[in-house]
Amino acid sequence: MTDHRLPPVPAGGSTVLDRFAQSAALIDGLDPVFAGPLFDGRDPRLAGVFMRGSRQVRLDITALPLVMRREVGWWLATCARTGERQAHASEWNRWAATAADVIARHPHVVSFADRLLAEWMTAWARRFHADRGRMPAPGHRLRAEYALRGMLERLLRQYASEIDWWRHDIWSLRLDARIPRREHEPRANTAVRWGDITPPWLREGTKFYLRLQMESGQLTWSTVMQHRVTTARFAAFVTERGIDHPALADGSERSLRALALDFGTFLHHWQRETPG
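Residues numbered from 1 in each chain as written. Predicted model: local features only at pLDDT ≥ 70, side-chain atom pairs only at ≥ 80, totals over all residues. Heavy atoms only, no water.

Student: Hey, could you go over the overall build of the protein chain for me, with residue numbers and the actual values?
Tutor: Helices and strands together make up the secondary structure of the protein chain, namely eight helices and four strands. Along its sequence from the N terminus, the protein chain presents helices and strands in the succession α-β-β-α-α-α-α-β-β-α-α-α. Considered along the principal axes of its C-alpha atoms, the protein chain spans approximately 70 × 45 × 35 Å. In the protein chain, buried positions account for 41% of the 276 residues. If you take every contact in the protein chain between residues at least 6 apart in sequence, the share linking residues at least 24 apart comes to 67%. About 14,900 Å² of surface is accessible on the protein chain, with carbon and sulfur atoms providing 53% of the total. Across the protein chain, the centroid of the 39 positively charged side chains sits 5 Å from that of the 31 negatively charged ones. (Helix = DSSP H or I, 4+ residues; strand = E, 2+ residues; numbered from the N terminus. Buried < 20%, exposed > 50% of the residue type's maximum accessible area, 1.4 Å probe, protein only. Contact = heavy atoms within 4.5 Å. Areas by Shrake-Rupley, 256 points an atom, 1.4 Å probe, with all protein chains shown as cover. Lys, Arg positive; Asp, Glu negative; His and termini not counted. Charge placed at Lys NZ, Arg CZ, Asp CG, Glu CD.)

Quick look at the structure:
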């Protein structure tokens, strides 16, 4: 599974009061049809929310606690409002059953945001195996991951709205209106993911630098992906060379030049040996 790094969950998960208040803010002002806990795709008020093949299936989240019911309702409302994607009722019925299993095992979990995507996928596979006596096919697993990932990324951004936009490991114009942009961005639907860039000092330093350049107008959103690719290759270089500190060299012009030449050689072999 692709590693989609999300903002860290506080130790021990969230408190019930925190998530209760946060989830209440999510649904404030929503159409009552999104209050659930039953969603019928045949309801005209839910037109376009569910995928065509699942509109005859009723989504039932009765078994979920109030916070999670609010989160699912908010997500369905978000799908309706933005038109970016549609939900699959059958997939979400399985996610509701999976979440109920997780809560039974871990009572401190009160929200979908209290677990990482990888942890949810492990629980989902466990439930799938219990129901069908076999492991899921890769395609089925990817569809389930896609269903939850969309909600989880937006949900965590909503719950962490006080964090500066550039500190997040997922940069997306759809997820955060604070990211500098032009009126017409040719790559507006592209998300930039920083979570797999290591070491951390390189990841955070690059994000901080790009933030300054974008907010000053020196760089545009379309160039961020190019910098992300370069940073990923430089991350592989410093890891291979055992460089474990932001001070890449001793500061002398000779050592910096030697490092730059070494990196150039590294890139030459990368281009020759790495397909694509």
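Student: So what about the nonpolar core? Which residues, and what values?
Tutor: Among the nonpolar cores identified, the biggest contains 43 residues, and Phe50, Leu59, Leu76, Trp92, Trp95, Phe112 and Trp120 are the most heavily contacted of them. Looking at this core, the elements with two or more residues in it are α2 (66-82), α3 (89-105), α4 (117-132) and α5 (138-159). For this core, the element with the highest residue contribution is α5, accounting for eight residues. Within the second largest apolar cluster, 22 residues are counted, among which are Ile179, Trp194, Ala235 and Phe237. (Core = buried A, V, L, I, M, F, W, Y, C linked by side-chain atoms within 4.5 Å.)

Student: Account for α3, naming residues and giving values.
Tutor: Its 17 residues give α3 an end-to-end C-alpha distance of 25 Å, which sits within 8% of 24 Å, the value for a rise of 1.5 Å per residue. For α3, the complete set of buried residues consists of Ala89, Glu91, Trp92, Arg94, Trp95, Ala96, Thr98, Ala99, Val102 and Ile103. On the buried face of α3, the contacting elements are β2 (58-60), α2, α4 and α5. (Expected span 1.5 Å × (residues − 1).)

Student: Summarise the packing of α4 against α5; cite the residues concerned and give the values.
Tutor: One can describe the packing of α4 onto α5 by two numbers: an axis separation of 11 Å at closest approach and a directional angle of 140°. Put simply, α4 runs oblique to α5. Here the hand of the crossing between α4 and α5 comes out right-handed. Contacts between α4 and α5 involve Leu117, Trp120, Met121, Trp124, Ala125, Phe128 and Arg132 from the first element and His140, Arg141, Ala144, Glu145, Leu148, Arg149 and Leu152 from the second. Classifying every residue of the contact of α4 with α5 by side-chain character gives nine nonpolar, one polar and four charged. (Axes fitted to C-alpha atoms, helices over the stretch in contact; angles between N-to-C directions. Parallel < 35°, antiparallel > 145°, perpendicular 65-115°, else oblique. Left-handed = near helix turned anticlockwise from the far one by under 90°. Nonpolar A, V, L, I, M, F, W, Y, C, P; charged D, E, K, R; others polar.)

Student: Can you lay out helix α7 (residues 221-241) for me, pointing to particular residues and giving the numbers?
Tutor: For α7, with 21 residues, the first-to-last C-alpha span of 31 Å sits near the 30 Å given by 1.5 Å per residue. Listing the buried residues of α7 in full gives Trp221, Ser222, Val224, Arg228, Thr231, Phe234, Ala235, Phe237 and Val238. Note on α7: the residue one or two positions beyond its end, Gly242, has a positive phi of about 75°.

Student: Please set out the pattern of salt bridges residue by residue, giving values where relevant.
Tutor: Counted according to the given criterion, the structure contains 20 salt bridges. We note a salt bridge from Lys207 to Asp169, for which the minimum N-O separation is 2.8 Å. Highlighted residues: Lys207 in helix α6 (residues 200-215) and Asp169 in the loop between α5 and β3 (170-171), separated in sequence by 38 residues. Judged by relative accessible area, Lys207 falls into the buried class, the value being 0%. In the salt-bridge network here, residues are joined through shared partners; they are Arg94, Asp101, Arg127 and Asp131. (Salt bridge = Lys/Arg side-chain N within 4 Å of Asp/Glu carboxyl O.)

Student: Could you give me a rundown of the packing of aromatic side chains, with the residues and numbers involved?
Tutor: This model, assessed by the stated rule, comprises 14 aromatic pairs. Residues Phe112 and Trp120 carry aromatic rings whose centres are separated by 5.3 Å and whose planes lie at 40° to one another, so their mutual orientation is tilted. The exposure class assigned to Trp120 is buried, which follows from its relative accessible area of 0%. Summarising the aromatic geometry, the rings of Phe237 and Phe266 are spaced 5.5 Å apart at their centres and angled 65° between planes, so their arrangement reads as edge-to-face. Here Phe266 lies in helix α8 (residues 253-273) and Phe237 lies in helix α7, a separation of 29 residues in the sequence. Classification of Phe237 as buried rests on a relative accessible area of 0%. Residue classification places Phe266 among the buried residues on the basis of a relative accessible area of 10%. Arg70 extends its terminal NZ or CZ atom over the ring of Phe20, reaching a point 4.4 Å from the ring centre. (Phe/Tyr/Trp six-rings, centres within 6.5 Å; stacked < 30°, edge-to-face > 60°. Lys NZ or Arg CZ within 6 Å of the ring centre and 35° of its normal.)

Student: Could you give an account of the environment of Thr198, naming the residues involved and the relevant values?
Tutor: Considering the arrangement of structural elements, one finds Thr198 in the loop between β4 (192-193) and α6. Spatially, the C-alpha atom of Thr198 lies 25 Å from that of Arg187, the residues being 11 residues apart in sequence. Sequence-distant contacts of Thr198, that is, excluding residues within four places in its chain, are made with Arg203, Ala235 and Thr239.

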